[in-house]
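Take a look at the letters that make up each chain.
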Amino acid sequence: MRVIVIGAGLGGLALANGLRGTGVDVAVYERDASPVIRGQGYRLHLGDLGIDALASVLAPERWAAFLAAAHTPGPRFVRLDPALRVLEEHDFGGRHLSVDRQELRDTLLADVKGLVTYGKRLTAFQAEDEYVTARFDDGTTAIGEVLVGADGVGSAVRRQYLPHARVVGTGLTQLYGKIPRESAEDLDHVFSAVTGPGHRVVGIAHTRDYATLSFSARTEELPPEPHLLRSLVMEMTSGWHPRIRRMLADWREIFPLVLRTSVPIAPWDTTRVTLLGDAAHAMSPAGGAGANLALRDAASLAAALAGGRPLLPALRSYEREMIDSGFAAVRASAANGARILGQDPLPS
């Protein structure tokens, strides 16, 4: 069996790792010209779900090296006011890792480089009784028994396969950047949120080498000129604790990301085309679940495809779990985002 994977992000590469050596032939097609053509973001949180999934798809020596280099934060969420008084604490329990997104992607790519072809933008696919043909913008095609859309929130596979599925804005833009670890050494939790009036939120989380600092605001409040972002944030946080102001002064490599979310839909009929991760259930980052679910989807789909069961029943079993848990996480993340960040409610 040959599996065509569209997208070489975390989920697509995890699936390729999970299928490598199982007797299932896998080919990954990525629209970017190379794995380093654009920034991949900064810190990611992995909990039990993502840790178990990653351990199951990586070669043992690759997983051991990654685990040894990862950072283990305190297992708590802490919310503070602008004077740094604690408003809310929650102990998550379980295992937690804070990892650099690019390092995780490099780890996932290391053993499957030869399976990935870059510069391939999917334009359409055609599903037959026994095969699926993927068509790319350079005029080439790829044929396999299964096509997996792992191409993220703007998924070309989803647009054709589930045209009724919607991805909508949350009304928010998140600014991401880095600060020195020592600037927030005592705030080394899974996540720390300093929340002020008007749902202004400064988020802090550590990795091994740096801490991330994020700022959430209504999209319409932010200027289109990137060089004005820092000064606007300083204005919006006027009067906040001097430590927060110093962190913002140290903020570097800032980039904005418009936050979007999928709208849950009813389960669809299983075919030779399927989805994983953000291509199926993109969500607000307020739940910290997106990367974990993408890795879980990849591990579950790899097990289904390599398990020796008839193809469609295996895919149906995978999709039942992926849809239920994925859209449950979308709803939970939206509720968290509305409470803490002022995210727009999910459309009905």
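Here, the structure is the one placed above.
Note that the structure is a prediction, hence the values are computed from the model and not measured. (Residues numbered from 1 in each chain as written. Predicted model: local features only at pLDDT ≥ 70, side-chain atom pairs only at ≥ 80, totals over all residues. Heavy atoms only, no water.)

## With respect to the side chain of Arg272
So, point 1. Structurally, Arg272 can be placed in the loop between strand E16 (252–262) and strand E17 (273–275).
So, point 2. The buried charged residue Arg272 lacks any salt bridge, with Glu130 as its nearest oppositely charged partner at 6.1 Å.
So, point 3. One polar contact links the side chain of Arg272 to the main-chain carbonyl oxygen of Glu130, over a distance of 3.3 Å.
So, point 4. Residues contacting Arg272, with those up to four places away along its chain left out, are Glu128, Asp129, Glu130, Tyr131, Val132, Glu145, Val146, Leu147, Leu311, Leu312 and Leu315. (Helix = DSSP H or I, 4+ residues; strand = E, 2+ residues; numbered from the N terminus. Buried < 20%, exposed > 50% of the residue type's maximum accessible area, 1.4 Å probe, protein only. Lys, Arg positive; Asp, Glu negative; His and termini not counted. Salt bridge = Lys/Arg side-chain N within 4 Å of Asp/Glu carboxyl O. Polar contact = N/O pair within 3.5 Å; in protein donor to acceptor, adjacent residues only side chain to side chain. Contact = heavy atoms within 4.5 Å.)

## A word on the nonpolar core
Inside soluble globular proteins, nonpolar side chains tend to come together where they are buried.
So, point 1. If you look at the biggest cluster of nonpolar residues, it comprises 75 residues, and the most contacted ones within it are Val3, Leu15, Leu54, Leu108, Leu147 and Trp268.
So, point 2. With residues up to four places along the chain from it excluded, the contact list for Leu147 reads Ile4, Ile6, Phe125, Val132, Ala134, Val157, Arg272, Val273 and Thr274.
So, point 3. Leu175, Ile179, Met236 and Trp251 belong to the second largest nonpolar core, which has 23 residues in total. (Core = buried A, V, L, I, M, F, W, Y, C linked by side-chain atoms within 4.5 Å.)

## Points about unusual backbone geometry
So, point 1. Within the chain, Leu84 stands out as a residue other than glycine whose phi angle is a positive 65 degrees.
So, point 2. One can find Leu84 in the loop between strand E4 (74–80) and strand E5 (86–91).
So, point 3. The phi torsion at Glu253 lies on the positive side, around 55 degrees, for a residue other than glycine.
So, point 4. Residue position: Glu253 is located in strand E16.
So, point 5. For Glu253, a relative accessible area of 45% corresponds to the partly exposed category.

## A closer look at the pattern of salt bridges
So, point 1. Going through the model one piece at a time under the given rule, you end up with 19 salt bridges.
So, point 2. Arg95 is the partner of Asp48 in a salt bridge, and the nearest nitrogen-oxygen pair spans 2.7 Å. Here Arg95 lies in the loop between E5 and strand E6 (97–100) and Asp48 lies in helix H2 (residues 48–57), a separation of 47 residues in the sequence.
So, point 3. Arg95 serves as the salt-bridge partner of Asp52, at 2.7 Å between the closest nitrogen and oxygen. One end of the pair, Asp52, is in helix H2; the other, Arg95, is in the loop between E5 and E6, with 43 residues separating them in the sequence.
So, point 4. The exposure class of Asp52 is partly exposed, given its relative accessible area of 43%.
So, point 5. Via salt bridges that share partners, Asp48, Asp52 and Arg95 belong to a single interconnected network.

## Focus on the side chain of Lys178
So, point 1. Mapped onto the elements, Lys178 comes out in strand E12 (residues 167–179).
So, point 2. Relative accessible area serves as the criterion here: at 14%, Lys178 is assigned to the buried category.
So, point 3. Those residues in contact with Lys178, other than ones at most four positions away along the chain, are Tyr42, Tyr210, Ala211, Asp250, Trp251, Arg252 and Glu253.

## Section: the packing of H2 against helix H9 (residues 290–305)
So, point 1. Close contact between H2 and H9 brings their axes to 8 Å; oriented N to C, the two are set at 40 degrees. One element, H2, and the other, H9, form an angle in the oblique class. Read as a crossing pair, H2 and H9 show a hand that is left-handed. Contact residues: H2 offers Leu49, Gly50, Ala53, Leu54, Ser56 and Val57, while H9 offers Asn292, Leu293, Leu295, Arg296 and Ala299. (Axes fitted to C-alpha atoms, helices over the stretch in contact; angles between N-to-C directions. Parallel < 35°, antiparallel > 145°, perpendicular 65-115°, else oblique. Left-handed = near helix turned anticlockwise from the far one by under 90°.)

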